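Per-entry structural report
Here is what each chain is made of, one letter per residue.
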Amino acid sequence: MDKVDWNQLRAFLETAEAGSLSAAARKLGQTQPTLSRQVAALEQSLGVTLFERVGKAMVLTSTGSELLVHARLMGAAARDLGLSAKGRSESLEGVVSVSACDGIASYLLPKILLRLRKFAPGIFVDVVPTDGLSDLLRREADIAIRHVSPTEPELIGRLVRNAFGYFYASESWVRENGHPRTAADIAHHDFIGADRSGNYLAFLQAHGLPVTAANFRCFADNTATHWEMVRHGFGIGAQIEDIANDTAGVVRVLEDVPPVPFPIWLVTHRELRTARCIRIVFDLLCDALAR
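Quick caveat, the model's predicted, so the values are computed rather than measured. (Residues numbered from 1 in each chain as written. Predicted model: local features only at pLDDT ≥ 70, side-chain atom pairs only at ≥ 80, totals over all residues. Heavy atoms only, no water.)

1. Considerations on the overall build of the protein
Each helix and strand in the protein was counted, giving twelve helices and eleven strands. Taken along the three principal axes of its C-alpha coordinates, the protein extends 60 × 50 × 35 Å. When burial is assessed residue by residue, the protein has 43% of its 291 residues classed as buried. As displayed, the protein has an accessible area near 15,200 Å², and 52% of this comes from carbon and sulfur atoms. (Helix = DSSP H or I, 4+ residues; strand = E, 2+ residues; numbered from the N terminus. Buried < 20%, exposed > 50% of the residue type's maximum accessible area, 1.4 Å probe, protein only. Areas by Shrake-Rupley, 256 points an atom, 1.4 Å probe, with all protein chains shown as cover.)

2. Some details on unusual backbone geometry
A positive phi is found at Leu 254, a non-glycine position, where the angle reads about 55 degrees. Examined against the element boundaries, Leu 254 turns out to sit in the loop between strand E10 (250-253) and strand E11 (260-269).

3. Quick notes on helix H1 (residues 6-18)
In this model, H1 (13 residues) spans 18 Å end to end at C-alpha, consistent with the 18 Å of a helix rising 1.5 Å per residue. Those residues of H1 not exposed but buried are Gln 8, Leu 9, Ala 11, Phe 12, Leu 13, Glu 14, Thr 15 and Ala 16. The backbone nitrogen of Asn 7 has a side-chain oxygen 2.8 Å away, supplied by the residue at the start of H1, namely Asp 5. Note on H1: the residue one or two positions beyond its end, Gly 19, has a positive phi of about 90 degrees. (Expected span 1.5 Å × (residues − 1). Polar contact = N/O pair within 3.5 Å; in protein donor to acceptor, adjacent residues only side chain to side chain.)

4. Describing the environment of Val 160
As for its position among the elements, Val 160 is in strand E6 (residues 155-170). Taking relative accessible area as the criterion, Val 160 reaches 14% and is therefore assigned buried. Sequence-distant contacts of Val 160, that is, excluding residues within four places in its chain, are made with Ile 264, Leu 266, Cys 286, Leu 289 and Ala 290. (Contact = heavy atoms within 4.5 Å.)

5. Comments concerning the packing of aromatic side chains
Evaluation of the coordinates by the stated rule reveals six aromatic pairs. Seen from their ring centres, Tyr 200 and Phe 203 are 6.3 Å apart, and the 20 degrees between their planes marks the pair as stacked. Linking Tyr 200 with Phe 203, this pair stays in helix H8 (residues 199-206), spanning three residues, or about one helical turn. For Phe 203, a relative accessible area of 36% corresponds to the partly exposed category. Ring geometry for Tyr 200 versus Phe 216: centroids 6.2 Å apart, planes at 65 degrees, classification edge-to-face. With a gap of 16 residues between them, Tyr 200 in helix H8 and Phe 216 in strand E8 (residues 216-219) connect regions that are remote in the sequence. For the pair Tyr 200 and Phe 216, a shared accessibility class is recorded, and that class is buried. An aromatic cluster is present here, built from Phe 191, Tyr 200, Phe 203, Phe 216 and Phe 219 joined pairwise through their rings. (Phe/Tyr/Trp six-rings, centres within 6.5 Å; stacked < 30°, edge-to-face > 60°.)

6. Some details on the pairing of strand E1 (residues 51-54)
One ladder, built from four bridges, connects E1 with strand E2 (residues 57-60); its direction is antiparallel. Paired with Phe 51 across the bridge in E2 is Leu 60. Counting the residues in the hairpin turn of E1 and E2 gives two residues, including Gly 55, whose phi is positive at 65 degrees. (Pairing = 2+ DSSP bridges.)

7. Side note on the side chain of Thr 15
Among the structural elements, Thr 15 can be located in helix H1. Thr 15 has contacts with Ser 20, Leu 21, Ala 24, Leu 35, Val 39, Phe 51 and Met 58, leaving out every residue within four places of it along the chain.

8. Quick look at the nonpolar core
Membership of the largest hydrophobic core comes to 42 residues, with the highest contact counts inside it found for Leu 109, Ile 123, Ile 143, Ile 145, Leu 266, Leu 285 and Leu 289. For this core, the element with the most residues is helix H12 (residues 276-290), which contributes ten residues. Each residue touching Leu 285, except ones within four places of it in the same chain, is listed here: Val 98, Leu 109, Ile 112, Ile 143, Ile 145 and Leu 266. (Core = buried A, V, L, I, M, F, W, Y, C linked by side-chain atoms within 4.5 Å.)

9. Brief notes about the packing of helix H6 (residues 109-119) against H12
Geometrically, a packed helix pair is captured by the angle between its two axes and the distance between the axes. Contact pair H6 / H12: the axes reach a minimum separation of 10 Å and the direction vectors enclose 130 degrees. Between H6 and H12, the angle falls in the class oblique. With respect to the hand of their crossing, H6 and H12 are arranged in right-handed fashion. Residues Leu 109, Ile 112, Arg 115 and Leu 116 of H6 form the contact with H12, whose participating residues are Ile 280, Val 281, Leu 284, Leu 285, Asp 287, Ala 288 and Leu 289. Broken down by class, the residue content of the contact of H6 with H12 amounts to nine nonpolar, no polar and two charged. (Axes fitted to C-alpha atoms, helices over the stretch in contact; angles between N-to-C directions. Parallel < 35°, antiparallel > 145°, perpendicular 65-115°, else oblique. Left-handed = near helix turned anticlockwise from the far one by under 90°. Nonpolar A, V, L, I, M, F, W, Y, C, P; charged D, E, K, R; others polar.)

10. Considerations on the pattern of salt bridges
Inspection of every chain in the model, using the stated rule, returns ten salt bridges. The partner of Lys 111 in a salt bridge is Asp 246, and the shortest N-O contact between them spans 2.4 Å. Here Lys 111, found in helix H6, pairs with Asp 246, found in the loop between helix H10 (241-244) and E10; they are 135 residues apart in sequence, far enough to count as distant. For Lys 111, a relative accessible area of 48% gives the class partly exposed. Taking the shortest distance from any N to any O, the salt bridge between Asp 190 and Arg 217 comes out at 3.6 Å. Highlighted residues: Asp 190 in the loop between helix H7 (171-177) and strand E7 (191-193) and Arg 217 in strand E8, separated in sequence by 27 residues. Arg 217 sits in the exposed class, given a relative accessible area of 66%. (Salt bridge = Lys/Arg side-chain N within 4 Å of Asp/Glu carboxyl O.)

Below, the structure is given as structure tokens:
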């Protein structure tokens, strides 16, 4: 076929990203039957099977996986067109400060901000790396990327998505120490601690890992430093999947241990949200972090 219906392609893209028709329908504000018909129409028009129905989940076929690459490119182009149509041009000027934990600031933000630079080169972003919570009411930042929802009534927040973290070690560490897969496998393995107060130890224990203080032979309360110590073979550490998938030389371990939830929130001040430059950066961050 020469033409592809964008609505059908978007239905396919969102279903593939969400993993189910119901989740995709909620995101698009449509009914599940409508979305199902659009996906079926795309399959019929292309003459291929894009999904295998496994219970309520929609699992991509090999053909669907190949098409997803192109659908993502078209989706990104559509979003970029929307950005331009909304006036995100060189005429916009201003400074917007964004706070984020050191890990996100170091490993995710640079690529996102390069995209902003393309669409609005007059907007300058001041990145504020911190593993604490920036006080937006005191204007320590215009926008904050957090893992918790805001509690102050003067602030507004948007849950971008529920990301997940897993446990990782370097390839060299795994070659030397073996590949622990279950909680029972970790008795004598080294973990990288996040603090000396015992909070991280207690968190891991509550998560079902039978660790003790003896498992921690080094500490780093900075998330970027913590990840670099994992990468260089000091021991096991947790990391958000987005960052780990983009890091060479690390291996997921403890596959049988449940993932660590990492909700991603964007938070800003009610007054600041109305400023055009801040709104542009807020929307771009929301779009990029959602993917």
